[in-house]
Every structure is written in structure tokens, then in C-alpha cells.
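This is what each chain is made of:
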Amino acid sequence: GVKKEVELDAKRKELDKLARDPKVKAMLDTIGFTEGTGTNYGKVVDGKVIGQNKKDMPYDTKLTKGMKNVSTQDMSQHPNVSVKWSSKKGVKPSSAAGKYQFLSGTWKEMKDKLGLKNFHASTQDIAAVQKMKDLGMVDAIMRGDLRSAVNLGAGTWASLPKADGNGNYDGQNAKPFNDIQNAYDGFLNDAKAMTNVGDFN
């Protein structure tokens, strides 16, 4: 009802504000860096499209079977396509999409939890911040503990290493922590500079 919508709206505003905090923004950009999407919010996981993923979710019909290394132009929803990203036996296709490579199932969960209406850049940021909060990453980042934040995120983002330096998933390589630290430091400087200029306000 109305009360729930008001609560969700307040929650989304709070997450949006968090997404603009320099430490959190730097972590969001670092995930874009490690996932190899950069600032491409329409990026679908590299590989060959094999069709619609979740049958109960709409999908981007312009991304047809056989297309390779695509990005969606339709930001009204998660593209929800299944992609064969590895030729290794037994490796499942992926529906990862967006700057943070959300799987369609995870996106649906975040969409329901937060009442998200689209797949726009700012909406993806909000969902990623919520996911980081759920994992305890935001607390770690706020106290300046990047290593813990990265390790906590390893179960969600294949490009982030666990404490032993390895990724959580077969066939996907996690970035070395030093590279992540360097990227984070650079993004943090950028975010602080932008905050000082007032670009975020």
C-alpha cells in the first residue's frame, strides 16, 4: 500500500545518498573496474546470447540468439538474457548484466526488495549499494577496511578475491588485491575531488 511505497521511497533515497559518499562511490567504481564493465551500465556478460533467461521476467528481445558481446540499449528492465560465456564443459551460462553484472535472479530480488522500476544507472547503483550493505561491505568500507569489504563481496562478485586471493567461482579470475587497492585509491581521489567541486550536490 501507500505506507510501504513511502518506506521504500525513503530507503531508495537513503541508498542514493550512500552511493554518492566518496568511499562507497569509489567501491562502486572499483566493482565496475574488476568486472570489466567500467561505466557501461548496459553491458551484458561477454559471450554468445542463447535466449531468454528467467521466463517470469521480461527480456530485451533485440538481443537475439547468436549475438556476441552485447550491451542493452533498453534500460527499462534487466536484459534477462542467457549467455554462454565459457566453452569449458559444465560451466553454466550467465545472465549477468549492467555495471555490476547483476544476475537476473539477483536483480529480481533487489527489485522486489526496493521497489525498483527500471534498470537505469542510478537504479543499478542503488541496488549495488543495498547488496553491499547486505554483505557487510559498506560498514567495512566506511571504517577504511577495503580488504574485508573485498573479501565479503567475493561470494557475489566473481572478480573480487576471497581472503586467500582466489575467486569464488570456477573459470573466472579474481583481480589481484593490489590492483583493486590501486583502483580504489584512484576512484576515491576522484570522488573526493568531485565532492569538493560540488558536482554531487
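Shown above is the structure to which this text applies.
Predicted model, so just to flag it, every value in this text is computed and none were measured.

Details of the pattern of salt bridges
Move 1: All chains considered together, the criterion is met by 15 salt bridges.
Move 2: The partner of Glu-5 in a salt bridge is Arg-12, and the shortest N-O contact between them spans 3.0 Å.
Move 3: For Glu-5, a relative accessible area of 34% translates into the label partly exposed.
Move 4: Here Arg-12 falls in the buried class, since its relative accessible area comes to 15%.
Move 5: Of the charged contacts in the structure, one is a salt bridge between Lys-113 and Asp-134, with a shortest N-O distance of 2.9 Å. Separated by 21 residues along the polypeptide, Lys-113 in helix α3 (residues 104-114) and Asp-134 in helix α4 (residues 121-135) bring together distant segments of the chain.
Move 6: For Lys-113, a relative accessible area of 33% gives the class partly exposed.
Move 7: A single salt-bridge network, built from bridges that share partners, covers Glu-5, Asp-9, Arg-12, Lys-13 and Lys-117.

Details of helix α7 (residues 177-197)
Along an α-helix, a turn takes 3.6 residues, which lines up residues three or four apart on a common side.
Move 1: Here α7 spans 30 Å end to end across 21 residues, near enough to the 30 Å set by a 1.5 Å rise per residue.
Move 2: Of all the positions in α7, only Phe-177, Ile-180, Ala-183, Tyr-184, Leu-188 and Ala-191 are classed as buried. Seen from one end, α7 has its buried residues packed into an arc of 140 degrees, which puts them on one side. Exposed residues lying more than 90 degrees from the buried face of α7 are Asn-178, Asn-182, Asn-189, Asn-196 and Val-197.
Move 3: Next to the buried residues of α7 lie α2 (22-34), α5 (137-142) and α6 (146-153).

Topic: the environment of Val-81
Move 1: Looking at the secondary structure, you find Val-81 in strand β2 (residues 81-84).
Move 2: Put simply, Val-81 and Pro-93 are twelve residues apart on the chain and 9.6 Å apart in space, counted from C-alpha to C-alpha.
Move 3: Those residues in contact with Val-81 that sit more than four places away from it in its chain are Val-44, Val-49, Gly-51, Gln-52, Asn-53, Tyr-59, Asp-60, Leu-63, Ser-94 and Ser-95.

Here's the deal with the side chain of Gln-130
Move 1: Along the chain, the position of Gln-130 falls in helix α4.
Move 2: Since its relative accessible area comes to 4%, Gln-130 is described here as buried.
Move 3: With near-sequence residues (within four places) excluded, Gln-130 lies in contact with Lys-11, Leu-15, Met-110, Lys-113 and Leu-114.

Here we look at the packing of aromatic side chains
Move 1: In the structure shown here, the tally under the stated rule is four aromatic pairs.
Move 2: Measuring from ring centre to ring centre gives 6.4 Å for Tyr-100 and Phe-102, while their planes differ by 75 degrees; the resulting arrangement is edge-to-face. Neither residue differs from the other here; Tyr-100 and Phe-102 are each classed as buried.
Move 3: When the ring of Trp-107 is compared with that of Phe-119, the centres are 4.8 Å apart and the planes differ by 85 degrees; the resulting orientation is edge-to-face. Taken as a pair, Trp-107 in helix α3 and Phe-119 in the loop between α3 and α4 lie far apart in primary sequence, twelve residues in all. One exposure class covers both Trp-107 and Phe-119, and it is buried.
Move 4: Ring pairing ties together the aromatic residues Tyr-41, Tyr-100, Phe-102, Trp-107 and Phe-119, which thus form one cluster.

Calculation criteria
Residues numbered from 1 in each chain as written. Predicted model: local features only at pLDDT ≥ 70, side-chain atom pairs only at ≥ 80, totals over all residues. Heavy atoms only, no water. Salt bridge = Lys/Arg side-chain N within 4 Å of Asp/Glu carboxyl O. Buried < 20%, exposed > 50% of the residue type's maximum accessible area, 1.4 Å probe, protein only. Helix = DSSP H or I, 4+ residues; strand = E, 2+ residues; numbered from the N terminus. Expected span 1.5 Å × (residues − 1). Arc of directions from axis to C-beta. Contact = heavy atoms within 4.5 Å. Phe/Tyr/Trp six-rings, centres within 6.5 Å; stacked < 30°, edge-to-face > 60°.

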